[in-house]
Amino acid sequence: MKLWGGRFSSGKRDSDFERFSESFSVDRRLVLYDLQVNRAYVRALGAARVLSAREVGTLTRGLDAICQYVESRANWAQREAAEDIHTWVEGRLEREVGPVARKLRTGRSRNDLVATETRLYIKSEISNLKSAIATLLEALLLQACKNSPAILPGFTHLQPAQPILFAHYLLAYFEMLGRDIGRLDDCHARADELPMGAGALAGTPYRVDRARLAKELGFARVARNSLDVTSDRDFVCELLFACAMIMTHLSRLAEDLVIYSTPSFGFVELADAYATGSSLMPQKKNPDSLELIRGKAARVVGRLMSSLAMLKGLPMAYNRDLQEDKPALFDGIDTTRESLVIAARVVRTMRVHAERMQAATARGYLTATHVADELVRRGVPFATAHEQVGRLVRHLEERGATFAELGDREAREIIPAWGVRLRAIALSPESSVRRSNVLGGTAPAQVRRQLRAAERRLRALPRPVR
Ligand code: ARG
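Notes on the structure in this doc start here. Just so we're clear, the structure is a prediction, and the values are computed from it rather than from any experiment.

Re helix α4 (residues 53-72)
Point 1. With 20 residues, α4 extends 28 Å from end C-alpha to end C-alpha; this agrees with the ideal 28 Å at 1.5 Å per step.
Point 2. Looking at α4, one finds that the buried residues are Glu55, Val56, Leu59, Thr60, Gly62, Leu63, Ile66, Cys67, Tyr69 and Val70.

With respect to the pairing of strand β1 (residues 151-156)
Point 1. Both β1 and strand β2 (residues 159-165) contribute to a ladder of five bridges, which runs antiparallel. Bridge pairing in β2 links Leu152 to Ile164.
Point 2. Between β1 and β2, which pair antiparallel and follow one another directly, the connecting turn spans two residues, one of which, His157, has a positive phi of 55°.

Digging into the site of the ligand
Point 1. Neighbouring residues of the ligand: Ser23, Asp27, Asp84, Arg110, Asn111, Val114, Tyr318, Gln323 and Lys326.
Point 2. Side-chain polar atom of Ser23 to a nitrogen atom of the ligand: 3.3 Å apart, as the coordinates give it.
Point 3. Here a nitrogen atom of the ligand and a side-chain polar atom of Gln323 are 2.9 Å apart.
Point 4. Protein chains bury 86% of the 340 Å² of accessible surface belonging to the ligand in isolation.
Point 5. With three residues, helix α6 (residues 110-146) is the single largest residue contributor to the shell around the ligand.
Point 6. When its residues are assigned to classes, the shell around the ligand shows two nonpolar, three polar and four charged.

Describing the nonpolar core
Point 1. One finds Trp88, Phe166 and Leu239 to be the most contacted residues of the largest nonpolar core, which totals 113 residues.
Point 2. Beyond its immediate stretch of four places on either side in the chain, Trp88 contacts Phe24, Val31, Ile66, Tyr69, Val70, Trp76, Glu80 and Ala82.
Point 3. Core analysis: the second largest hydrophobic core is formed by 21 residues, Ala372, Leu375, Leu396 and Ile425 among them.

Describing a nonpolar patch on the surface
Point 1. On the surface, a cluster of nonpolar side chains totalling about 290 Å² of accessible area is made up of Leu201, Leu227 and Met316.
Point 2. Mapped onto the elements, Leu201 comes out in the loop between β3 (193-194) and α8 (210-217).

Considering the pattern of salt bridges
Charged atoms that come close allow side chains of opposite charge to pair.
Point 1. Enumeration over the complete set of coordinates arrives at 33 salt bridges.
Point 2. Residue Asp272 is joined to Lys285 by a salt bridge in which the shortest nitrogen-to-oxygen separation is 3.0 Å. Of this pair, Asp272 sits in the loop between β5 (268-269) and α11 (288-311) while Lys285 sits in the loop between β5 and α11, and the two are 13 residues apart along the sequence.
Point 3. Residue class for Asp272 comes out exposed when judged on its relative accessible area of 61%.
Point 4. Arg399 serves as the salt-bridge partner of Glu410, at 2.7 Å between the closest nitrogen and oxygen. With Glu410 in helix α16 (residues 408-412) and Arg399 in the loop between α15 (382-398) and α16, this residue pair connects regions lying eleven residues apart in the sequence.
Point 5. By relative accessible area, which is 22% here, Glu410 ends up partly exposed.
Point 6. Taking relative accessible area as the criterion, Arg399 reaches 42% and is therefore assigned partly exposed.

Quick word on the environment of Asp185
Point 1. Within the element layout of this structure, Asp185 appears in helix α7 (residues 166-191).
Point 2. When the C-alpha atoms of Asp185 and Gln162 are compared, they prove to be 36 Å apart, with 23 residues separating the residues in sequence.
Point 3. Polar side-chain contacts of Asp185 include one of 2.7 Å to the side chain of Lys130.

Things to note about the environment of Arg299
Point 1. Relative to the assigned elements, Arg299 resides in helix α11.
Point 2. For Arg299, a relative accessible area of 39% corresponds to the partly exposed category.
Point 3. Counting along the chain gives 251 residues from Arg299 to Ala48, while the straight-line C-alpha distance between them is 46 Å.
Point 4. Sequence-distant contacts of Arg299, that is, excluding residues within four places in its chain, are made with Asp331 and Thr335.
Point 5. Looking at Arg299, its side chain comes within polar contact range of the side chain of Asp331, at 2.5 Å.

Comments concerning unusual backbone geometry
Point 1. Following Met316, the chain continues into Ala317 via a peptide bond in cis, with omega recorded as 0°.
Point 2. Turning to its location among the elements, Ala317 is positioned in the loop between α11 and α12 (325-349).
Point 3. If you check the backbone angles, His157 has positive phi at about 55° while not being a glycine.
Point 4. Checked against the element boundaries, His157 lands in the loop between β1 and β2.
Point 5. Residue class for His157 comes out exposed when judged on its relative accessible area of 76%.
Point 6. In this structure, Leu158 is a non-glycine residue whose phi angle is positive, near 55°.
Point 7. By the secondary structure assignment, Leu158 is in the loop between β1 and β2.

Procedures and definitions
Residues numbered from 1 in each chain as written. Predicted model: local features only at pLDDT ≥ 70, side-chain atom pairs only at ≥ 80, totals over all residues. Heavy atoms only, no water. Helix = DSSP H or I, 4+ residues; strand = E, 2+ residues; numbered from the N terminus. Expected span 1.5 Å × (residues − 1). Buried < 20%, exposed > 50% of the residue type's maximum accessible area, 1.4 Å probe, protein only. Pairing = 2+ DSSP bridges. Near = heavy atom within 4 Å. Polar contact = N/O pair within 3.5 Å; in protein donor to acceptor, adjacent residues only side chain to side chain. Areas by Shrake-Rupley, 256 points an atom, 1.4 Å probe, with all protein chains shown as cover. Nonpolar A, V, L, I, M, F, W, Y, C, P; charged D, E, K, R; others polar. Core = buried A, V, L, I, M, F, W, Y, C linked by side-chain atoms within 4.5 Å. Contact = heavy atoms within 4.5 Å. Patch = residues over 30% accessible without salt bridge, like charges linked within 9 Å, V, L, I, M, F, W, Y side chains within 5 Å. Salt bridge = Lys/Arg side-chain N within 4 Å of Asp/Glu carboxyl O.

Set out below in structure tokens:
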């Protein structure tokens, strides 16, 4: 069945091209949206007196029957073939209710139809993505609360820098993902307008009440320009950007945890369920879950790039190129949602080894800055203090020792003011973190506040998924 047979001579089709151009195998995912939009549109045609009340009733019953058929069979599409989902629904409707089905597409085009369905789809997927983010946020908070006293060696350049609370570290990812939610909300707000009634490009000549249609389909408003809305896929790119950003954040978290879970670091240990072994080396426990998340980030970035490239340079208005939006969109969203769910499970189930973090903090001289700051308090210029502590560290490094193994006399040769107090500071990462008592800093008092705020933010989000 074709929606456009009349203009063409029969028997001249190329089956390879037919396969090349079909989108049913991809857009059949939109079937329930297609039925939903069709049902609302049939009512709109009734209100515009294009269809009689009887015809509206028949078509609606037919569409409901298809809906039931599809919902009751997981593999409804298995033996079906059609150019696209819109063609399939129309053909099926004719089988259901007879020739009156041929009135279904009065005054509408697949161009405004597919744009409407895709917007409905992404609005619903945005709320799924938000739930998936909430799941990860919940896992981050859980670990932050469970390990609230743990001190992590903070890194810059992946070199030991200053001690930070492990909870503070986890909350950094909470912030990143919180911004991602904001981006999803922005995308939702812009995508929330109705294309139906735009026709193929110019606007339908039938008196379809678009405002009412928008309300029925749950759109905030009607699109102002029919040319724009039938060829606009900004919302696809925007959502894929939000997904690419989420995946970029996940890939950073994954990379951290890959590093932190190596035996050389040993800060965290993945649950067995999220690691795999080696077929050759019996001792191996590989963080494949995290590596796959990191790898899949590349795929979602690629999906964003292909959507931008698809739109670039398209002449006004609809072009068939736009059909390529869906494989990118579906895969980008699925990959992101699945990655979020797995990341949440990895985080929730990982074991945290505070004692390994503590040992690494001592080995890395992470309190050095605070020793220098104490000298400043005693009137030593910072540059001088910096130099003295730097020399002390070099001296310790040469003999493979930490601050704990430093003798007072030995220290005084480099830092004349060395004494009990400076020694205590050097040996206490706890006092180091307490000093960063600025809004947004890593001091326990600040982090407690951040945790409480995070809990409040989490409660305002859609329920996490498991
Ligand atoms: N399958 C197409 C798409 O996904 C919709 C059909 C529009 N086709 C057309 N020839 N106007 O974009």
